[in-house]
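# Observations on chain architecture
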Amino acid sequence: GAGWSGAAAAGVGEVGGETRGKEAAADENTEEYISPAMQAMQQIPMAQLRQCATLLGREGLSDAVYTRSKSVLKALSTISKAPRHMFISELSEEAERLASDASQELSALARSSETGRLPTTGQSFAAVQRVLEAVQVLVKAESSMMMAVSSTSSKYAAQKQQLKQVHDEVQGLNDRLQPLWDQLSGYASGVEELIQARDPMRGER
């Protein structure tokens, strides 16, 4: 709910900026630095962290809920050991589920356009956009973590492998969503043809 997400955003947001620097400084120390942000995140049940990711894919919620969920994910993404991979996995599943709904919406819209109307898309596409924007934030955070680790660090190879896994997962998601983008492109072309049929002069302007 809004209570725990607000606390999480405040707790990790206040110290998120200092976390990377201190962890980098402690990288070669035998006792690893545990930031206040990491300690705060460890107090949040994993089920609620997962819920924060899936909220972005739900339809019909208020803009305030979506904004708060994005804020929590963005704040958590600044923590070196944040479960970004789990978030990306959860968001990927949401994106695929929503893509199926969006595909059905497009099919219905394509049928309705045959009647001569110019319908608009439903809510699924807005949800897909929210989820993919969150994935982008997490991928950028993972890349930033990679850049913060020295190439001579003992953690460099592991961080590099994690980044590769993230990129592979996102590429896989993009491949799985490609049929939806193709369908959307075909729908857009059909709408353009419909517009030109109703207003032949428009295409010549």
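Above: the structure in question.
Residues numbered from 1 in each chain as written. Predicted model: local features only at pLDDT ≥ 70, side-chain atom pairs only at ≥ 80, totals over all residues. Heavy atoms only, no water.

### Focus on the overall build of the protein
Of regular secondary structure, the protein possesses seven helices and zero strands. Ordered by position in the sequence, the α and β elements of the protein form the string α-α-α-α-α-α-α. For the protein, with 205 residues in total, the buried portion stands at 36%. Counted over contacts in the protein with a minimum sequence separation of 6, partners at least 24 positions apart contribute 71%. Summing over all exposed atoms, the protein offers an accessible surface of approximately 11400 Å²; the carbon and sulfur share of this is 51%. (Helix = DSSP H or I, 4+ residues; strand = E, 2+ residues; numbered from the N terminus. Buried < 20%, exposed > 50% of the residue type's maximum accessible area, 1.4 Å probe, protein only. Contact = heavy atoms within 4.5 Å. Areas by Shrake-Rupley, 256 points an atom, 1.4 Å probe, with all protein chains shown as cover.)

### Digging into the side chain of Arg130
Note on placement: Arg130 falls in helix α6 (residues 123-148). Despite its burial, Arg130 pairs with no opposite charge, the nearest such side chain being Asp63 at 6.5 Å. A polar contact of 3.1 Å, which involves the side chain of Arg130, links it to the backbone oxygen of Arg58. When sequence neighbours within four positions are dropped, the list of residues in contact with Arg130 reads Leu56, Arg58, Tyr66 and Lys70. (Lys, Arg positive; Asp, Glu negative; His and termini not counted. Salt bridge = Lys/Arg side-chain N within 4 Å of Asp/Glu carboxyl O. Polar contact = N/O pair within 3.5 Å; in protein donor to acceptor, adjacent residues only side chain to side chain.)

### A short note on the packing of aromatic side chains
As enumerated under the stated definition, the model contains zero aromatic pairs in all. Between Arg130 and the ring centre of Tyr66, over which it is positioned, the NZ or CZ distance is 3.7 Å. (Phe/Tyr/Trp six-rings, centres within 6.5 Å; stacked < 30°, edge-to-face > 60°. Lys NZ or Arg CZ within 6 Å of the ring centre and 35° of its normal.)

### Notes on helix α4 (residues 63-76)
If you check α4, its first and last C-alpha atoms are 20 Å apart, about what 14 residues at 1.5 Å a residue would give, namely 20 Å. Taken together, the buried positions of α4 are occupied by Tyr66, Ser69, Val72, Leu73, Ala75 and Leu76. (Expected span 1.5 Å × (residues − 1).)

### With respect to the packing of helix α3 (residues 46-55) against α4
Relative to each other, α3 and α4 sit at 125 degrees, their axes nearing to 9 Å. When the interaxial angle is binned, α3 and α4 end up oblique. The handedness of the crossing between α3 and α4 is left-handed. Two secondary-structure elements touch here, α3 through Leu49, Cys52, Ala53 and Leu55 and α4 through Val65, Tyr66, Ser69, Val72, Leu73 and Leu76. Partitioning the contact of α3 with α4 into residue classes produces nine nonpolar, one polar and no charged. (Axes fitted to C-alpha atoms, helices over the stretch in contact; angles between N-to-C directions. Parallel < 35°, antiparallel > 145°, perpendicular 65-115°, else oblique. Left-handed = near helix turned anticlockwise from the far one by under 90°. Nonpolar A, V, L, I, M, F, W, Y, C, P; charged D, E, K, R; others polar.)

### Quick notes on the pattern of salt bridges
According to the stated counting rule, one finds seven salt bridges in the structure shown. The residue Glu96 makes a salt bridge to Arg176 at a minimum N-O spacing of 2.8 Å. With Glu96 in helix α5 (residues 84-113) and Arg176 in helix α7 (residues 156-198), this pair connects stretches of sequence that are 80 residues apart. One network of salt bridges, in which partners are shared, links Glu94, Arg97 and Asp101.

### Considering the packing of α6 against α7
At a minimum axis distance of 10 Å, the contact between α6 and α7 shows a crossing angle of 160 degrees. As summarised for this structure, α6 and α7 are arranged roughly antiparallel, according to the angle between their axes. Here α6 runs over α7; the crossing is left-handed.

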